[in-house]
Amino acid sequence: MSDEIVVRSPYDGAEVGRVPKHGREDVDRAVATAARALAEQPLPPWRRAEILDAAARLLADRAEEFARTIARESAKPIKTARTEAARAVSTFTFAAAEARRLTGEMVPVDAAQVGEGRLAFTLRVPIGVVAAISPFNFPLNLVAHKLAPAIAAGCPVVLKPASQTPLTAVALADLLVGECGLPADYLHVVTGAGGEVGAALVEHSDVAYVTFTGSSEVGWGIAAKAGRKKVALELGNNSPVIIEADGDWTQAARTITTAGFSHAGQSCVSVQRIYVAAPVADDFTALLAGLVDELVVGDPMEEATDVSALISTGERDRVASWIDEAVAGGAKIAAGGGMEAGVLRPTVLTGVTPDMRVSREEVFGPVVAIQAYDSLDEALRLADDTRYGLQAGIFTASLSSALRAARELRFGTVLVNEVPTWRADQMPYGGVRESGNTKEGPTYAVRQMTEERLVVIKP
Ligand code: NAD
């Protein structure tokens, strides 16, 4: 049917559900209703907090149901999908706290003679209608990172979820409106092609704020078209991790076995580039390759599965071709390579060079690329030699090496003795360079979704 989008499992092509195929007129209607809701029925902070608390509670109760929807529509292995559902509970919990403590500040205007006798303070008021555009790789928690702060800020939202994974978003919206007390006019889900409904939202004159998570290419294109709207971008990365000889490289190998291959590497902070000190490079590679070979490839609904299908066969073929290109350029496959039941096997490459696409671009697939180095200077230079800048990591026992990495790596976050994949949902998360222009996390997003209005009182 032309007015529906059929959502299929990327693993076996089975139909998982259907959503409407919306167009520009649906976007217009949603934005108009949202704008009217803000003008006519503002949400007081106590109600925002109660809605968010209810969402956290009900999501926790239904975590398994949500995890199964995530796994079906995105092929994220069920055990990884459960972690995502648990994280979304925490995102709503932190947003509820923000709704309760959202304050402006006193402004000491009487510190200048002109202000003597006057009282001044700021109010935080909702910025207006929020347009939220989300990617396929975290169908629940990255939608939560947009809806929860918008509710805490008192903003109505029009959400455009990824076309491949709209069912989880629709289920979350149903929960918020149907069971948590969010007025229906405060949340609209428009499902359809990014280039059509997404673009219509970005261009709409009554949208005040666009919050986008997705690829750098689409994100910066949106910023160019958004005119005077505020635009928050959370974009791609090709995450580096440095492993010093004095660092706990066995622990690093164990963590990377998850951090490089969770959801088949389809995370913006999946470990991709591994720089390992030459004296420990062979031992580290052997350990990592052995662990990666043990990962279970297959059906996302099976409890044992660690790695399942990429979001589309087109993506699978693209990633496979980048592996082939690296091998043709002299890289070696230490683990994986090839397919298993139509799924790209988790792959460890060694001997890569900085010009290969597996080093230069964002792979967004189950591939890590190892390069050995001789000095920390060289490792820092290689890790920083990228147009991205979301998160980077270093494993070292040396405080001075850790501090050098923190000072010299131009990323939004530098993690010490941890993989760059690590994230807590309340932290300020966001990149620099082509990786973005903002910080997400309820505290930071709520502030951006409100405006400070200065009130000056002359008694
Ligand atoms: P994508 O950029 O292809 O799509 C993201 C969203 O934008 C989708 O909803 C899509 O329909 C929509 N869209 C596409 N074209 C549009 C247009 N012209 N106007 C408006 N909207 C449009 O990204 P994806 O493939 O869904 O997700 C993968 C990317 O997301 C990766 O690059 C990954 O690194 C990035 N990502 C970043 C973060 C972060 O927090 N920094 C988190 C997750 C994913």
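Refer to the structure presented above.
Please read all numbers here as calculations on a predicted model, not as lab measurements.

(A) Representation of the sheet that holds strand β9 (residues 240-243) within the structure. Spatial ordering of the open sheet is given by β11-β14-β15-β10-β9-β16-β17, a layout of seven strands whose pairing is mixed. Every interior strand has two partners, whereas the edge strands, β11 (332-335) and β17 (413-416), have only one. Neighbour-to-neighbour, the strand axes of this sheet turn through a mean angle of 25°, independent of strand direction. Across five bridges, the pairing between strand β10 (residues 273-277) and strand β15 (residues 367-373) is parallel. Directly across from Tyr275, in β15, lies its bridge partner Gln371.

(B) Seen up close, unusual backbone geometry. For Phe364, which is not a glycine, the phi torsion comes out positive at approximately 55°. You can see Phe364 is positioned in the loop between α12 (357-360) and β15. A positive phi angle is found at Asn417, which is not glycine, with a value near 60°. For Asn417, the location among the structural elements is in the loop between β17 and α15 (442-448).

(C) Seen up close, the sheet that holds strand β7 (residues 207-213). Here we have five strands laid out as an open sheet, ordered β6-β5-β4-β7-β8, and parallel in their pairing. Each end of this open sheet is capped by a strand with a single partner; those strands are β6 (187-189) and β8 (230-234). Averaged over all pairs of adjacent strands, the angle between strand axes in this sheet comes to 15°, irrespective of strand direction. Note: strand β4 (residues 129-133) against β7, five bridges, orientation parallel. Across the sheet, the residue bridging to Val129 is Val207, located in β7.

(D) Broad picture of the pairing of β10. Summarising burial for β10: five of the five residues are buried, a large majority. Residues Arg273, Tyr275 and Ala277 of β10 are buried on one face, and the alternating residues Ile274 and Val276, pointing to the opposite face, are buried as well. Running through helix α9 (residues 249-259), the crossover from β9 to the neighbouring parallel element β10 is right-handed.

(E) Structural context of the site of the ligand. In the vicinity of the ligand there are 28 residues, among which Ser134, Lys160, Ser215, Leu235 and Glu362 approach most closely. The contact in question runs from an oxygen atom of the ligand to an N or O atom on the side chain of Lys160, over 2.6 Å. Within the side chain of Ser215, a nitrogen or oxygen atom sits 2.6 Å from an oxygen atom of the ligand. Against a free-state accessible area of 850 Å², the protein chains account for coverage of 87% of the ligand. Taken together, the elements giving at least two residues each to the shell around the ligand come down to α7 (194-203), β7 and α8 (216-225). Here the element with the most residues in the shell around the ligand is α7; it accounts for four residues.

Criteria and cut-off values
- Residues numbered from 1 in each chain as written.
- Predicted model: local features only at pLDDT ≥ 70, side-chain atom pairs only at ≥ 80, totals over all residues.
- Heavy atoms only, no water.
- Pairing = 2+ DSSP bridges.
- Helix = DSSP H or I, 4+ residues; strand = E, 2+ residues; numbered from the N terminus.
- Axes fitted to C-alpha atoms, helices over the stretch in contact; angles between N-to-C directions.
- Buried < 20%, exposed > 50% of the residue type's maximum accessible area, 1.4 Å probe, protein only.
- Right-handed = clockwise from strand over helix to strand, strands pointing away.
- Near = heavy atom within 4 Å.
- Polar contact = N/O pair within 3.5 Å; in protein donor to acceptor, adjacent residues only side chain to side chain.
- Areas by Shrake-Rupley, 256 points an atom, 1.4 Å probe, with all protein chains shown as cover.

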